[in-house]
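So the chains spell out like this:
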Amino acid sequence: MKFETKCLHAGYTPQNGEPRVMPIVQSTTYTYDSTESIGKLFDLEEAGYFYTRLANPTTNAVEEKIANLEGGVGALCTSSGQAATFLALLNILTAGDHFISAAAIYGGTFNLFAHTLKKMGIEVTFVDQNASLAELQKAIKTNTKAVFAETIANPAMKVLDIEKFATLAHQNEVPFLIDNTFATPYFCRPIEFGADVVIHSTTKYLDGHAVQTGGVIVDSGKFNWANGKFPQLATPDETYHGIIYTETFGVAAYITKARVQLMRDLGATPSPQNSFLLNLGIETLPVRMDRHFENAMKVAEFLASEKSVTQITYPGLKTDTNYQLMQKYLPNGLCGVISFEIGKNRKRAAQWLDALKLVSLEVHVADIRTCALHPASATHRQLTSQELQQAGISPGLIRLSCGLENAEDIIKDLKQAFRQLEG
Ligand SMILES: *Cc1c(COP(=O)(O)O)cnc(C)c1O
């Protein structure tokens with residue numbers, strides 16, 4: 001099946017007389033004929049549903065679809081993107097471990113890494129993703145266990161050299177985890193470029209309609225967890241009678257452990273209702289992404305020609321420093337998010353945003369409705385000036401997420417806000 005077809009048909013194949021639309025199985029529990037069959041589920045000897053915290057038919061269908069779209073062997077849906085990133089790392093890191101992350105990442109992820117994981121004894125080193133491989137190698141320590149970055153950095157809109165990061169990870173025998181939220185598997189499938197684990201905030205483009213929060217972790221099945229660095233996966237888990245994930249689950253060891261151990265213990269489960277809404281969004285992903293890109297190109301070209309705009313970052317523009325990387329990793333298009341500045345002044349940016357009429361102020365991106373945000377006073381508010389700079393965010397930066405309206409209407413609204421600034 002081609003990508004567009006998978007978006008509609010992967011993960012759920014109704015049998016004779018069954019509902020055409022994937023049903024919502026809004027049930028926490030499942031019933032069995034004998035205590036013995038339930039026992040087998042608990043011993044992981046048989047696959048099946050025992051409790052919705054661990055697995056649910058509606059959620060599983062979406063997981064299968066997303067794994068298929070990304071080219072992975074399995075996926076685990078979570079209650080938010082934050083939960084996905086947290087579980088993806090906690091699945092392989094413990095106190096005393098270290099990992100490397102690109103500095104240009106989502107503000108929430110930055111806080112998770114720099115503060116919450118640190119309190120748990122897991123240390124991060126932030127690196128400049130444009131540094132050379134040799135430079136990046138210097139950040140590796142003996143206890144480094146993972147490398148992390150975003151395909152397209154939110155909100156800096158930098159495109160990652162995915163192969164460079166995969167090489168950095170693999171030459172040190174650790175996995176490369178990538179947040180593919182802004183690219184979506186329609187525009188980029190990082191596993192094809194060497195990523196081992198792919199993460200999404202499904203709250204964004206995969207849903208697309210701003211109706212549910214969710215996350216997903218996709219396992220490529222390609223990393224060798226039995227290389228001596230990951231005892232969590234390659235030594236007995238006493239909570240399952242000494243099961244060894246790499247031996248019992250083979251290529252699906254990582255994603256199985258994330259589900260049966262971490263989801264069991266931490267419980268960041270999506271509701272079946274949300275999984276249904278997420279699936280509905282994914283069905284139209286290719287159509288929406290093409291339009292998001294088309295509109296964003298028109299808006300970016302307008303902004304580039306507007307005299308009040310002092311700086312613009314949209315890798316689809318030929319003048320953008322990331323244009324070459326985009327051609328390599330996202331040749332068919334980008335998401336609808338544009339970063340730009342109207343000078344360096346926090347207040348001027350806020351004035352312009354307040355003058356918008358059609359475009360709404362939202363703490364969100366990837367909505368089908370065009371929305372805008374001022375990161376320095378919202379998502380990245382907690383960051384110090386130095387941290388802001390590291391993350392590629394200036395005080396005057398505006399993040400505009402182009403929706404699916406007619407591009408002329410979006411541009412008309414931006415124009416009238418610029419004229420108000422002048423007035
Ligand atoms: C929004 C976002 C997250 C966090 O996801 P939530 O669903 O809001 O928890 C993580 N990474 C990126 C790139 C995001 O845009």
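Note that the coordinates shown come from a computational prediction; the quantities given were computed from them, not determined experimentally. (Residues numbered from 1 in each chain as written. Predicted model: local features only at pLDDT ≥ 70, side-chain atom pairs only at ≥ 80, totals over all residues. Heavy atoms only, no water.)

Student: Give me the lowdown on the overall build of the protein chain, citing residues and values where you can.
Tutor: Summing up its helical and strand segments, the protein chain has 17 helices and 12 strands in all. Relative to a compact globule of 423 residues, whose C-alpha radius of gyration would be 22 Å, the protein chain shows 22 Å and is just as compact. If you line up the protein chain on its principal axes, its C-alpha atoms span 75 × 55 × 35 Å. The long-range share in the protein chain, meaning contacts at least 24 apart out of those at least 6 apart in sequence, stands at 73%. Of the roughly 17,300 Å² of accessible surface on the protein chain, a fraction of 52% belongs to carbon and sulfur atoms. Computed over 37 positive and 43 negative side-chain charges, the inter-centroid distance for the protein chain is 7 Å. (Helix = DSSP H or I, 4+ residues; strand = E, 2+ residues; numbered from the N terminus. Rg over C-alpha atoms; globule rule 2.2 N^0.38 Å. Contact = heavy atoms within 4.5 Å. Areas by Shrake-Rupley, 256 points an atom, 1.4 Å probe, with all protein chains shown as cover. Lys, Arg positive; Asp, Glu negative; His and termini not counted. Charge placed at Lys NZ, Arg CZ, Asp CG, Glu CD.)

Student: Break down the pattern of salt bridges for me, citing the residues and quoting the values.
Tutor: Per the stated rule, a full pass over the model turns up 15 salt bridges. When the shortest N-O distance is used, the salt bridge between lysine 138 and glutamate 135 registers 3.1 Å. A salt bridge links glutamate 422 to arginine 419, with the shortest nitrogen-to-oxygen separation between them at 3.0 Å. You can see glutamate 422 and its partner arginine 419 sitting in helix α17 (residues 407-422), 3 residues apart, about one turn around the helix. The class for glutamate 422 is partly exposed, based on a relative accessible area of 42%. Residues joined in a network through salt bridges with shared partners are Glu306, Lys307, Arg419 and Glu422. (Salt bridge = Lys/Arg side-chain N within 4 Å of Asp/Glu carboxyl O. Buried < 20%, exposed > 50% of the residue type's maximum accessible area, 1.4 Å probe, protein only.)

Student: Hey, could you go over the sheet that holds strand β9 (residues 337-341) for me, with residue numbers and the actual values?
Tutor: Strand order in the open sheet formed by 5 strands is β8-β9-β12-β11-β10, and the pairing between neighbours is mixed. Because the sheet does not close on itself, it has two edges, and the strands there are β8 (311-313) and β10 (360-361). Sheet topology note: the β9/strand β12 (residues 397-401) ladder contains 5 bridges and is antiparallel. Looking across to β12, one finds that serine 339 is bridged to arginine 399. Packed onto the sheet, helix α15 (residues 346-354) meets β9, β10, β11 (371-373) and β12 and runs at close to 25 degrees relative to β12. (Pairing = 2+ DSSP bridges. Axes fitted to C-alpha atoms, helices over the stretch in contact; angles between N-to-C directions.)

Student: Tell me what's going on with the sheet that holds strand β6 (residues 197-201), and back it up with residues and numbers.
Tutor: With mixed pairing, the 7 strands of this open sheet are ordered in space as β1-β7-β6-β5-β4-β2-β3. At either end of the open sheet lies a strand with only one pairing partner, and these are β1 (74-78) and β3 (123-127). The mean inter-strand angle of the sheet, taken between neighbouring strand axes irrespective of direction, is 20 degrees. Pairing between strand β2 (residues 98-102) and β3: 5 bridges, direction parallel. Opposite alanine 102, over in β3, you have valine 127 as the bridge partner.

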